[in-house]
Amino acid sequence: MESSYLIEARQLAYKINEVKLFSNFSFTLKAGEALHIKGSNGSGKTTLIRILCGITPATKGEILKKDDLVFTYLGHKNALKTYLSIRDNISLLGLSKNEDLKTLLTSLNLQNKLDVIIANLSFGQQKKVALLRIFLSNSDLILLDEPFVGLDSASHNLLCKFLESRLNNGAGLIYTSHISAGIASKDISID
Amino acid sequence: MLREILIIVIKKFIHQFASPKTYFYQVNRLYPWLLYISLFIYLFAIIWGLLFTPKDFVQGHSYRIIYFHVPASFVAQSLYAAMAISSAVFLIWRVKLAAYLARSIAPIGAMVTFIALVSGSIWGIPTWGTWWEWDARITSTLILFIMYLGLISLHNSFNNFDKADKLLAYLAIIGFIQIPIIKKSVDWWSSLHQPASITISDKPSIDPSMLYPLFMSMIGFAGLVACLVILSSKVQIYIREKNKSWVKDHV
Amino acid sequence: MKLLLPYTNEALKLIKKTRAWIGPILIFILIMVAFPLTVELSSTNLSDAFYPVLFISILLVMMLATEDIFLEDYEDGSLELLLISNKSLSQWVFIKIFIHWLFIGVPISLLGAFFNIGANNDLNSSLMLLPALGISTYIFLILFCFGNSLSLTKGSVLGTLITLPLTLPILVILGKLTSAIIFNINYFEFLILLFGILSIIIFAFPAIISRIIKTHLE
Amino acid sequence: MSNFAFSSLSDVLNMDGHGVYVWVVFSLFLITISTSFYIFNLLIKKYQKRVK
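Basis of the calculations
Residues numbered from 1 in each chain as written. Chains lettered and ligands numbered in written order. Predicted model: local features only at pLDDT ≥ 70, side-chain atom pairs only at ≥ 80, totals over all residues. Heavy atoms only, no water. Helix = DSSP H or I, 4+ residues; strand = E, 2+ residues; numbered from the N terminus. Expected span 1.5 Å × (residues − 1). Bend = angle between axes of the 7 residues up to and from the residue. Buried < 20%, exposed > 50% of the residue type's maximum accessible area, 1.4 Å probe, protein only. Salt bridge = Lys/Arg side-chain N within 4 Å of Asp/Glu carboxyl O. pLDDT = per-residue confidence, 0-100.

### Brief notes about helix α4 (residues 96-128) of chain B
All names here are of chain B.
Thought 1: The terminal C-alpha atoms of α4, which comprises 33 residues, lie 47 Å apart, in line with the 48 Å expected from a rise of 1.5 Å per residue.
Thought 2: Most pronounced at Ala 106, the bend in α4 amounts to some 25°, and the proline Pro 107 follows within four residues.
Thought 3: Buried residues dominate α4, accounting for 25 of its 33 residues.

Right under this line is the structure:
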């Protein structure tokens, strides 16, 4: 049944040592839609996103994805090498040849900190460097876990504008956030 | 198309047959018989071997330790093989019971290897004059003991059972492949080091009157250790399946 | 050039992290320098004890070199990133081990052969020693990576406990190799045996290690 | 079953010098196996209580 959904979850459940984290969790996400996953701390939001990415296999239920769906994921961990500079990290992630890298760096005012070692940056700045990978990818589906934590208002708005523009031209978004994101999105609770 | 049906049938059969519930009840019925029969065989063989077989021409009475050492080291290695096989079954067909079995064999294997090691070195005192002699068989038993410890400590350091089972499975399989390699290289190394006089490594060619009790003690000892494995697997089932309904009604 | 990109990336990561790169090499040098100090110089058999010390220090240094080889990428999330992107994890493991061999194994083999000249002062045995050291360092690296991937987050002591039994056959072969080098008899058989072992595990173990890492990531 | 291999009870214990080794190994096996059985039965009872 080929419909225009990007990703669909049916009766997802996850157990650790026979202890149920969440069960029969279902949703469908179409192009241009955003899904905001709400839930108290420790209710399994992060595990759910990792299941959607395919990192962790769900104990029960299945996930249907549009075939050759390209998705990007940013979790709590920034996937950055803290002992390397921003420039090295960018080249490691293979983003250095991206044409609008320059403009993005200036709008995040990281342009004159390219040789600073990641460990010496503040938490918010590290988050911005981690978000570079999301800004510069044009994937069909973006999965973000607490993306707004530690961001100053300028970067917060920049990220919201970017996500809205991606949503407008047909990408999907699934995110968890305790901070109100200001993006029109379907809410779904996991508790 | 036939292949898919076959796989589904095998999977169904394995999950149905190898479900902890059926295993638990089957084992409860089998256990008392296995325990008493193997206890009888083992004691009979030990008494026969210790008291009723003639003195060995070369080693005197100390050779009687063979009735303890050889079954122990044989069972120690076959336990490792059993663990590797059940690990393979767990990894390939995701049969939870196989993971419980592999986990329950590990401590018993370590215990059996330990007593094989101690009995081997005690046997060494009269034959070589020292309690530790780098004889090939003793060294490979020591290595096997270290491998068992590695398995147990690996499994204990993860609280997520599923992850711990998978990691134990991988190590058990790789370890199992290593056992013949380690055995060969240790034999190869020790054959240069110590002239093959009286070594325990090769099966001592002893006359049949001593051989029959040896086989009997092997069977008896293997039966006893199998009972221990059954007990240990029941412990694992109680730990892992404690909130399953059938366990509750059983208790 | 595109093909070499993952190799250069991993190399960059290793070189910039001097603790993981220079550390093991310095420790090796320290051991090899400390060795003659401990042996009463007047006693002439310096060369007999040299080979066992050399092989044991190589074992130790390879253990130190692979202490947090996967832990770093596991903890900062780049392994998850790699798992999602459809690049094969076992190829990444292969590259990681190869880079560690290139930047730590090869220098140590060269240094080992160099110190051999100091101990036995004949060039011939050092030249014979060099390929054997090169192959055995690679084998030790692969085995210790296997042990460390199993006990990824639980510290390297467990990883070592698991791996030591696996390295013993190699040490036995190296022991036989020393007598082959000293008496210069059937040296090539042992070299080819070591090479045979390497050629088997060089591809088999990365596949197993990548599955183990996937289990950790779940 | 061949005949009894020892002349007297004391000979059984002594086994001309090697008796101590044989009986030490005998008691080692006896003790370890019986304690193992005891421990595992104890564990079963312990985890059985947990199930309730």
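### Notes on the pattern of salt bridges
Thought 1: The final tally for this structure, using the stated rule, is 24 salt bridges over all chains.
Thought 2: With a closest N to O distance of 2.8 Å, Lys 16 of chain C and Asp 88 of chain A form a salt bridge. Remark: Asp 88 of chain A occurs in helix α2 (residues 86-92) and Lys 16 of chain C occurs in helix α1 (residues 5-16); the pair is interchain, linking two chains.
Thought 3: Judged by relative accessible area, which is 43%, Lys 16 of chain C ranks as partly exposed.
Thought 4: Its relative accessible area of 14% is what places Asp 88 of chain A among the buried residues.
Thought 5: A salt bridge links Asp 73 of chain C to Lys 96 of chain C, with the nearest nitrogen and oxygen atoms 3.0 Å apart.

### Here's the deal with the confidence of the model for chain D
Any region with low pLDDT has predicted coordinates that should not be read closely.
Thought 1: Confidence in the prediction for chain D averages 83 pLDDT; 90% of positions are at 70 or higher.
Thought 2: Across the interfaces of the predicted complex, the ipTM metric reaches 0.86, alongside a pTM of 0.87.

### Considering unusual backbone geometry
Thought 1: At Asn 24 of chain A, a residue that is not glycine, the phi angle is positive and equals roughly 25°.
Thought 2: Along the chain, Asn 24 of chain A turns up in strand β2 (residues 19-30).
Thought 3: With phi around 55°, Arg 94 of chain B is a residue other than glycine that occupies positive phi space.
Thought 4: Here Arg 94 of chain B is to be found in the loop between α3 (66-93) and α4.
Thought 5: The exposure class of Arg 94 of chain B is partly exposed, given its relative accessible area of 42%.

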